[in-house]
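Fold and contact review
Residues per chain, in single letters:
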Amino acid sequence: MSMTNGTAGISADEARSIAREAWLYAYAPLQGYQTMYNQTQNKAFGGYVGGFNQFRHYARSSTPADTDIVTPNNDTPYSWAWLDLRAEPMVLSLPAVPAPRYYVNQWFDLYTHNFAYTGVRTTGREAGTYLFVGPRWNGDVPKGISKVFVAETEFVGTLTRTQLLGPDDVAALQAVQEAYKLTPLSQFAGTPAPTPAPAVAWPVWDAAKGEGLDFIGYLNALLPFMPVHASEQEMFARFARIGIGPGRAFDASTLPPEIRAAMEAGVADAAKALKDGAVQQKDSRAMFGTREALGDGYITMRNYGAMLGIYANTKEEAVYGSQQTDSEGKVLDGSRHWVLRFEPGQLPPVTEFWSITMYNLPQRFLVENALNRYSIGNRTAGLQQGADGSLEIYMQADNPGPEKESNWLPSPRGPFFFAARFYGPKQEALDGSWTLPPLIEAK
């Protein structure tokens, strides 16, 4: 029996069960790795950021050409950065941002947990200076730091969103984005720079491999930067039995054939379980947040989040709603005519703003259309409310006609789903006493 992958003495049933559990554990981190790899290592990638510890800003709303991540948002142009915290912490300096412009820096670790927030809601509109620290650092915090955020992993990322207040606001938006600064702690404090961390041989991302049995090779490459959480030690002892461990080499071709077949069956079991569960989800509030906030089902929840809309915000920052199927469970189709109706007094309760964005399926990207309208919401010029204060939004491929075009969110002619985003949700949106109405077919 082969010892190369450490699977000696394991039964086929055990191998299948552990592979299923481990694939589900790894799913969200590997979806996150895909983004980090492309943005920091893949120079041919359109969304390449330039490496670690620097921002790349976008000063326009997303279009159908943007395919960095699924379900891109069309309200708040993005800024991306990934921090390498191995050698030393990084300092984030933020400018004063006057009302009404909204901005948020959402920070996630390699698990995809949202572990830190800076921005209007959490740290206010004044300028501030924040320290981001890796899990193994134990130095002194210098004067002038407003708050320290400790990450569970050595690499972390931000998806920063800055509100664009209309087409003539681009220069003002860019000025705000350019004032988001990242500085190594030694440079900030005027102390000698530490020895740089060694270069990492990041494996080239291949989705077919990452979602198959070779997920183990990718997970093993990430684990050195993810110190095992105390609550997961027993799980990792099980995982070690199928070749999982920090920096371990993995080669599926060296597995005994019956063990390899069992592990492949476990991967297939896991992928089916995830997909079957994800299509049932209607409420994102439980999918995004810190490890603690996600609760006992944190692995399942972060997987649904990574599949349905990776790097979405924690519910206190924004609540999301979506619908993928009709009342009979059939996938929505734009060749039919759909209406989303908010009754009088039932418009989305938010302190900031709300929007609804159209996506194609299965790609989950924005949809080309004659109006170049990819989202609709309370800042859409010309949106018409009924005399009674109700609001109807039309989702279909065909133009609904001049009376209704102002409220038309064009869909593809085939399968689609929409995502509603509520920024600064009020209590009734957080506690579920207000919910998004269901889409109904216009007969």
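All of the points below concern the structure found in this document. None of the values given here were measured: they were computed from a predicted structure.

Some points on the overall build of the protein
A tally of regular secondary structure across the protein gives 11 helices and 17 strands. If you line up the protein on its principal axes, its C-alpha atoms span 75 × 60 × 40 Å. Counting over 443 residues, the protein shows a buried share of 52%. In the protein, of all internal contacts separated by at least 6 residues, the share reaching a separation of at least 24 is 73%. Counting only carbon and sulfur atoms, one obtains 52% of the accessible surface of the protein, whose full area is about 18,700 Å². In the protein, the 37 positive side-chain charges and the 45 negative ones have mean positions that sit 1 Å from each other.

Structural notes on a nonpolar patch on the surface
Taken together, Val141, Val148 and Val150 make up a surface patch of nonpolar side chains, about 230 Å² in accessible area. Within the fold, Val141 resides in the loop between strand E6 (128-133) and strand E7 (147-150).

What to know about unusual backbone geometry
Look at the link from Ala99 to Pro100: it is a cis peptide, with omega at 5°. Along the chain, Pro100 turns up in the loop between strand E3 (90-94) and strand E4 (103-109). Residue Thr71 is not a glycine yet carries a positive backbone phi of 45°. Within the secondary structure, Thr71 is located in the loop between strand E1 (56-57) and strand E2 (78-84).

Let's talk about the pattern of salt bridges
As enumerated under the stated definition, the model contains 21 salt bridges in all. Across the pair Glu441 and Arg336 runs a salt bridge whose closest N-O atoms are separated by 2.8 Å. Highlighted residues: Glu441 in strand E17 (residues 440-441) and Arg336 in the loop between strand E10 (318-323) and strand E11 (338-342), separated in sequence by 105 residues. Classification of Glu441 by relative accessible area gives partly exposed; the value is 27%.

Concerning helix H3 (residues 170-178)
Taken as a whole, H3 has its buried residues at Leu173, Val176 and Gln177. For H3, the buried positions fall inside an angular range of 100° around the axis, keeping them on one side. Summarising the contacts, the buried residues of H3 are in contact with E1, E2 and strand E8 (155-162).

Description of helix H10 (residues 298-309)
End to end, H10 covers 16 Å across 12 residues, agreeing with the expected 16 Å (1.5 Å per residue, within 8%). Of all 12 residues making up H10, 10 are buried, and the element is well covered by its neighbours. Where H10 is concerned, the buried positions are Tyr298, Ile299, Met301, Arg302, Asn303, Tyr304, Gly305, Ala306, Leu308 and Gly309. In this structure, the buried residues of H10 make contact with helix H1 (12-40), helix H7 (233-239), helix H8 (257-278) and helix H9 (291-294). Looking one or two residues beyond H10, the residue adopting positive phi is Tyr311, at roughly 65°.

Quick look at the environment of Asn407
Note on placement: Asn407 falls in the loop between strand E14 (391-396) and strand E15 (408-410). Residue classification places Asn407 among the buried positions, given a relative accessible area of 5%. Spatially, the C-alpha atoms of Asn407 and Gln385 are 8.9 Å apart, while their sequence positions differ by 22 residues. Discounting chain neighbours no more than four positions away, the residues touching Asn407 are Arg373, Ile376, Gly382, Leu383, Gln384, Leu391, Glu392, Ile393 and Tyr394.

Brief notes about the sheet that holds E17
Pairing in this open sheet of 4 strands is mixed, and the strands run E15-E14-E11-E17 from one edge to the other. For this open sheet the edge positions go to E15 and E17, each flanked by a neighbour on one side alone. Two elements, E11 and E17, share 2 bridges in a ladder whose sense is antiparallel. Within E17, the residue paired with Trp338 across the bridge is Glu441.

What counts as what
- Residue numbering note: each chain is counted from 1, following its sequence as written.
- Given that this is a predicted model, residues contribute local features only at a pLDDT of at least 70 and side-chain atom pairs are listed and counted only at 80 or more, while totals for whole chains, interfaces and linings are drawn from all residues.
- Working from all heavy atoms in the structure, the side-chain values ignore hydrogens and water.
- Here a strand is any run of E in DSSP of at least two residues, a helix any run of H or I of at least four, and the numbering for each starts at the N terminus.
- Burial classes follow relative accessibility: with a 1.4 Å probe on protein chains only, a residue under 20% of its type's maximum area counts as buried, one over 50% as exposed, and anything between as partly exposed.
- The contact rule is simple, with two residues in contact once any of their heavy atoms fall within 4.5 Å.
- Here the open area of atoms and residues is found with the Shrake-Rupley method and a 1.4 Å probe, where only the protein chains shown may cover a residue.
- Only four residue types enter the charge count: Lys and Arg as positive, Asp and Glu as negative, with His and the chain ends excluded.
- A charged residue contributes its charge at one atom only: NZ of Lys, CZ of Arg, CG of Asp or CD of Glu.
- Exposure above 30% relative accessible area and the lack of any salt bridge qualify a residue for a patch; like charges then connect within 9 Å, and the nonpolar side chains Val, Leu, Ile, Met, Phe, Trp and Tyr within 5 Å.
- Between Lys or Arg on one side and Asp or Glu on the other, a salt bridge is scored when a side-chain nitrogen of the former is within 4 Å of a carboxyl oxygen of the latter.
- Think of the arc as the fan of directions from the helix axis to the C-beta atoms.
- To estimate how far a helix should reach, multiply one less than its number of residues by 1.5 Å.
- One requirement defines pairing of two strands: DSSP has to find at least two bridges between them.

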